[in-house]
Amino acid sequence: MELSKYHDPAKNKELLAAIMNDPQPIEELTNETQELFRQIKSNDGPIKHFSYKKTRLELLWSFLAEEHSTEDPHHYSERVENGDVVPEWKTELDEEYIKLENAFTRQVNVEDFGAVGDGMTDCTKAFREAFGSGRVDVYVPAGIYIVRKLELPSWTRLRGAGKGATVLKLHSAAPKRQRLLANRNFIRGNHHISVERLGLDWNVERLGNVSNTSAGNNFSSCLTYAHVTYGWVKEVAAVNPGLHCFDVSSTFYNYGGDGRRAKGGSRYVWLDRVNGWGFGDDGITTHHSDYIFISNSHLCDPSGRSHKKGFSNSNGIEIDDGSRFVWLLNNSTTRCFGGVEIKAHATSSAATGVFISGHLSVSDNRSFNFRHIGHHAAEDPDSLSAFNIAAQRLVAVTPVFTEMYAGSSPRALVVSGFRNVAINQFLFIGDPQYDYKGHPAVAIQYKAGDVSLTNGRISGFKKSKSDLYLGSGDRVTVRNIRCLDSAKRPVKGGKGNKTIVVENVGPETV
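Quick look at the structure, then. (Residues numbered from 1 in each chain as written. Predicted model: local features only at pLDDT ≥ 70, side-chain atom pairs only at ≥ 80, totals over all residues. Heavy atoms only, no water.)

For the protein, the count of helices and strands is five helices and 35 strands. Counting all 510 residues of the protein, 61% fall into the buried class. The contacts of the protein with a sequence gap of at least 6 include a subset with a gap of at least 24, amounting to 77%. Accessible surface, the protein: about 19600 Å² in total, of which carbon and sulfur atoms supply 50%. Of the charged side chains in the protein, 60 are positive and 58 negative, and the gap between their average positions amounts to 5 Å. (Helix = DSSP H or I, 4+ residues; strand = E, 2+ residues; numbered from the N terminus. Buried < 20%, exposed > 50% of the residue type's maximum accessible area, 1.4 Å probe, protein only. Contact = heavy atoms within 4.5 Å. Areas by Shrake-Rupley, 256 points an atom, 1.4 Å probe, with all protein chains shown as cover. Lys, Arg positive; Asp, Glu negative; His and termini not counted. Charge placed at Lys NZ, Arg CZ, Asp CG, Glu CD.)

See below:
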């Protein structure tokens with residue numbers, strides 16, 4: 001199975017249904033997943049008032065940070081809308097979009113300000129004049145528009161003739177640190193901004209053969225929303241950025257240690273039907289931001305050039321440092337290091353409160369990778385923040401070795417360092433002829449705890465030693481998993497695991 005970079009992600013829902021061949025109604029499945037999560041959710045939670053010895057750099061960063069909490073003050077959950085699982089707060093976001101449309105005092109065509117979509121003319125001034133101080137609906141006809149940097153004020157909608165028809169391309173003289181499109185004020189913040197139906201080309205070719213295509217922190221991306229409240233990105237293609245295609249971010253990233261997060265995060269942002277490829281780091285990433293919805297999107301084929309060669313942690317969708325309360329619906333990834341990675345660096349708080357309903361990963365190295373770096377080995381401090389993931393309808397097809405991250409073993413799923421993880425209804429398909437070098441399809445390990453893996457099928461991992469490896473973890477339950485034409489051993493236990501429950505797991509009988 002192959003998905004090209006031009007794959008239409010609006011077809012993901014239909015594609016997932018055909019692959020899984022599961023007639024269970026989505027509302028019934030979602031209720032089941034929520035109940036499984038409630039059953040395994042630990043009452044222990046993060047250790048209150050616990051601290052670990054921080055480095056001098058972490059202490060400096062922490063002065064600019066605020067406390068991280070895993071609890072959602074609104075207690076938002078999921079609901080079913082038109083056969084899809086959406087966050088409860090989507091109703092509020094839809095109402096705010098109507099407010100955006102009603103706030104326009106001008107509707108303009110950027111050509112009226114002198115923009116020319118010929119792929120040569122610098123149109124930066126025309127766009128800036130069109131944006132003005134906001135309350136404007138800016139239309140961009142088909143063409144390639146060269147710009148140096150565009151900053152959107154509050155109450156602005158920027159829309160084109162289609163993601164393949166209207167393209168904003170970064171000027172060849174733009175520095176490496178340049179963002180192509182961002183909100184105007186990262187410090188004070190912006191609100192009510194929408195970007196729709198166009199393409200964004202960061203033009204990485206202008207840098208030549210540099211060893212690193214990004215400039216650090218949240219620079220060097222196609223689209224950055226930093227400190228944005230109520231934001232939309234609809235039907236946008238972002239290509240060849242030095243760092244990220246789409247970054248939903250805080251004013252600055254922050255590395256003040258576990259239990260701390262950056263100030264100035266974004267809130268209530270929805271990315272829908274976006275495509276991205278050629279990214280130096282990640283396709284879609286979130287940092288230190290709350291209430292994010294990513295749906296019907298496709299990310300693939302990173303360049304990995306913001307990392308050292310052979311150590312490229314380039315993910316299709318990455319829910320990263322300090323992110324909270326994120327919903328993913330019917331997305332797809334292919335040929336990335338990670339399809340979906342929910343994580344944090346050792347010097348930051350982990351993402352928490354993530355719900356996934358439907359994801360198709362094809363030929364990623366690690367289809368679904370949930371981890372808190374630096375907080376999962378036996379000698380590491382326990383994570384204060386790596387909690388609460390619920391997922392359903394996960395499909396991994398032929399995970400593979402990759403030159404992007406040398407030596408990283410293929411996995412359909414890895415959970416390490418996270419607690420309170422419930423995964424329900426999944427299909428993991430390997431290639432029976434592919435040499436997995438004995439590595440398992442699934443690994444639950446390294447301080448993972450309160451994990452439920454339920455109602456799944458695994459097939460095709462014939463050259464693995466086991467389909468599931470249950471390493472050092474606590475309170476891990478696997479139930480109702482069928483293995484067909486796969487590894488000789490359905491389950492292998494590791495040293496240090498405790499309170500492991502395995503029920504109805506084994507070869508499928510015909």
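The structure having been displayed, the exposition proceeds.
Before going further, it helps to examine the packing of aromatic side chains. Counted under the stated rule, the structure contains 20 aromatic pairs. Ring centres of tyrosine 76 and tyrosine 291 lie 5.4 Å apart, and the angle between their planes is 90°; on these two criteria the pair is classed as edge-to-face. With a gap of 215 residues between them, tyrosine 76 in the loop between β1 (65–67) and β2 (78–81) and tyrosine 291 in strand β20 (residues 290–295) connect regions that are remote in the sequence. Sitting over the ring of tryptophan 202, arginine 206 keeps its end group 4.1 Å from the ring centre. The ring of phenylalanine 401 carries lysine 437 above its face, with NZ or CZ at 6.0 Å from the centroid. (Phe/Tyr/Trp six-rings, centres within 6.5 Å; stacked < 30°, edge-to-face > 60°. Lys NZ or Arg CZ within 6 Å of the ring centre and 35° of its normal.)

With that out of the way, let us pick up the state of the cysteines. With the rule as written, the count across this model stands at zero disulfides. The structure places no disulfide on cysteine 245, whose sulfur is separated from the nearest cysteine sulfur, that of cysteine 222, by 5.3 Å. What makes cysteine 245 buried here is its relative accessible area of 0%. Its sulfur unpaired, cysteine 300 is 6.8 Å from the next cysteine sulfur, which belongs to cysteine 336. (Disulfide = S-S within 2.5 Å.)

Attention now moves to the sheet that holds strand β19 (residues 284–286). Within the open sheet, the twelve strands sit side by side as β8-β11-β13-β15-β19-β22-β24-β26-β28-β30-β32-β34. Their pairing is parallel. Two strands close off the open sheet at either side, each with one partner strand: β8 (150–152) and β34 (489–493). The mean inter-strand angle of the sheet, taken between neighbouring strand axes irrespective of direction, is 15°. Taken together, the four bridges between strand β32 (residues 466–470) and β34 define a ladder with parallel strand orientation. Following the sheet pairing, tyrosine 469 is matched in β34 by lysine 492. (Pairing = 2+ DSSP bridges. Axes fitted to C-alpha atoms, helices over the stretch in contact; angles between N-to-C directions.)

Here we come to the nonpolar core. For soluble globular proteins, the rule of thumb is that nonpolar side chains tend to be buried together. In terms of nonpolar packing, the biggest core is built from 88 residues, with Phe127, Phe370 and Phe428 touching the most fellow members. Apart from residues lying up to four places away in sequence, phenylalanine 428 is in contact with Phe368, Leu394, Ala396, Ala412, Leu413, Val442, Arg457, Ile458, Ser459 and Phe461. (Core = buried A, V, L, I, M, F, W, Y, C linked by side-chain atoms within 4.5 Å.)

Now for the pairing of β20. Burial of β20 is extensive: six of the six residues sit out of reach of the surface. Bridge analysis of strand β17 (residues 267–272) against β20 gives five bridges, and the strand direction is parallel. Across the sheet, leucine 271 pairs through a bridge with isoleucine 294, a residue of β20. Of the strand pairs in this sheet, β20 and strand β23 (residues 324–334) are connected by five bridges, and their pairing is parallel. Its bridge partner lying in β23, serine 295 is registered against leucine 329.

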